[in-house]
Structures are given as C-alpha cells and as structure tokens.
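# Architecture and fold: a report
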Amino acid sequence: MKKLLKITFLLSLLILFSNFEKKVDDVEFEKYVLTEIFPKIVDSICVDSRKMNPPPKFGKETWNKGRLVKVDTSNVTNVERIKYQNWKTEQKRVDNDTSKIFIGFDQYLFNYGQERLSGELKLLNSNYSDFKFDYSKIKLNRKFKIKNMSDFPKADILLKHHRVLLYEQKYDFVFSGLLEISRIKFDENKKNGVLEGSFSYCGRCGRGYRIYIMEINGNWIIKKMEDTWMS
C-alpha cells in the first residue's frame, strides 16, 4: 500500500513538473516571437509625433461632406502666410533632426483581449501583470528608441491623474508617444498569432490595431493589421 502511494505521489510530481516545463517553454517561445516581431511593430505603428501637426489654414477652404475639395489661395492673408511659413520651417527642422525619437513602453504585458478597468488605465502594468518582456537588446530599424515607462520621471504619479500630463513635462530627449502591445494568442500549431497594439501621442490622439502575425520559413512577419480604435 505504501509502495502504491509512493508511486502515485511520484507520478503526480512528474506530471506537475512536466506541465510546469511546458508552461515555461510556451512563455519563452512567446518572448522569442515578440523579440523578432517587435521592430516590425514599431515601424508599422509608431510615428514622430512632431510630424503629425497639420498645416495651418492657408486660403479659403471648400468642404463637401466632411472632405476638403478645394483651397483658394488667391486671397491669402499675411498672417496666414507667416503661420504657414513657420510650419514649413518647423517641418524641415524636424526632417533634418538626427536626434533619437523616444517611445514610452510598459514592458509588463496584458493578455490578448484582456480588458482593463478604468482605474487600471492610469497605472503601470506591473501592478497587474507578471509577464515581463525584455526589449533592451532589440535593435530597431529607424531613429526610434524605446524607454521604459517606469523610467519616466514621476510616471506612476502622473498616470494616476491623466496621461496627458506625461506630454506636458519637459524632457531632455525627444518624446514622441506611448507604445502598447499585448501578449500573443497563438493558434494550436504556433504558426500564426494575433496581438493588440497601439500608439498614442499628445495624450489625446492615437490609434489601436489588431495585429496578425505568421511564421514563414522560420521568420515571423506581420500578415495584416486591422484598426480597432482611433482618437
């Protein structure tokens, strides 16, 4: 009887250990895929928010059903001309700026499809998630550079009030916006996956996506993206 109990106990431990190993392997695989797909996501949805400022009014505009159809510049005022020239000068300055563009990122990820309570939107993800994605060794393709949200001065305090406060602070670097991604939901064969992503800038503007990824010849690519929200 004792021998039977001992065997049963050992089998239970073996099953438990096997399940734990599988869970660890699944997590490491997911982080591997995230590491490969991360630069592609940054390139696809992140922008230099300084380039998102639209040109000022320059002449008489004609609109039809919410669409701009014609601009008459024959009677442009001096004020309009000066404002437009200042905008062009600033855009040229930004184009020639070689500074790194910093993107805020919370490396603790929520599960795909996990909805947050209104209070959770104002806190760092580490308060609710234990899935930590290490992006520190990932090389990005453009001028972007990722900065951990927890490294922003007083980020935890500012987020509790309103995200827009992050953008009203003065930094010694070019801060463009906040990137967020979820964990990946894979298919059974782990050849396809889907995750959520978004990029927000100025505190009130941004766009969310559903990002479909797939593995081709050992490489993970973005198959397609769907808009999920815009503000």
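Residues numbered from 1 in each chain as written. Predicted model: local features only at pLDDT ≥ 70, side-chain atom pairs only at ≥ 80, totals over all residues. Heavy atoms only, no water.

### Focus: the environment of Ile 103
Its place among the elements puts Ile 103 in strand β3 (residues 101–105). Given a relative accessible area of 0%, Ile 103 falls into the buried group. Remark: the alpha-carbon pair of Ile 103 and Val 42, spanning 61 residues in sequence, is separated by 9.2 Å. (Helix = DSSP H or I, 4+ residues; strand = E, 2+ residues; numbered from the N terminus. Buried < 20%, exposed > 50% of the residue type's maximum accessible area, 1.4 Å probe, protein only.)

### Digging into the confidence of the model for the chain
Residues of the chain with pLDDT of at least 70 account for 86%, and the chain-wide mean is 85. Per-residue pLDDT, averaged within each element of the chain, yields its smallest value for helix α1 (residues 2–45) (70) and its largest for strand β6 (residues 185–186) (96). Predicted confidence is poor over residues 13–23, with pLDDT under 50, and the contacts of this stretch with residues over four places away or in other chains come to zero contacts. (pLDDT = per-residue confidence, 0-100. Contact = heavy atoms within 4.5 Å.)

### What to know about the nonpolar core
The tendency in soluble globular proteins is for nonpolar side chains to be buried as a group. Within the largest apolar cluster, 30 residues are counted, with the highest numbers of intra-cluster contacts made by Phe 38, Phe 105, Phe 133, Ile 146, Leu 179 and Ile 181. For this core, the secondary structure elements donating two or more residues are α1, β3, β4 (144–148), β5 (174–181), β7 (192–201) and β8 (205–216). No other element matches the seven residues that α1 contributes to this core. Ignoring anything within four residues of it in the chain, the contact list for Phe 133 reads Lys 31, Leu 34, Thr 35, Phe 38, Phe 105, Gln 107, Leu 109 and Ile 138. Phe 102, Leu 124, Tyr 167 and Leu 178 belong to the second-largest nonpolar core, a separate cluster that totals 13 residues. (Core = buried A, V, L, I, M, F, W, Y, C linked by side-chain atoms within 4.5 Å.)

### With respect to the pattern of salt bridges
By the definition in use, this model includes 12 salt bridges. Residue Glu 90 is joined to Arg 93 by a salt bridge in which the shortest nitrogen-to-oxygen separation is 2.8 Å. Of this pair, Glu 90 and Arg 93 both sit in helix α2 (residues 78–96), separated by three residues, roughly a single helical turn. In this structure Glu 90 comes out as partly exposed when scored by relative accessible area, which is 33%. (Salt bridge = Lys/Arg side-chain N within 4 Å of Asp/Glu carboxyl O.)

### Remarks on the pairing of β3
Most of β3 is tucked away, with five of its five residues classed as buried. Here β3 runs beside β4; their pairing, made up of five bridges, is parallel. Bridged to Ile 101 within β4 is Phe 144. Note that β3 and β5 share five bridges and pair parallel. What sits directly across from Gly 104, in β5, is Leu 178. (Pairing = 2+ DSSP bridges.)

### Examining unusual backbone geometry
Look at Lys 65: it is not a glycine, yet its phi comes out positive at around 55 degrees. Take Lys 65: it is sitting in the loop between β1 (60–64) and β2 (67–72). Lys 65 sits in the exposed class, given a relative accessible area of 81%. Backbone geometry at Asn 217 places phi at a positive 50 degrees, although glycine is not the residue there.

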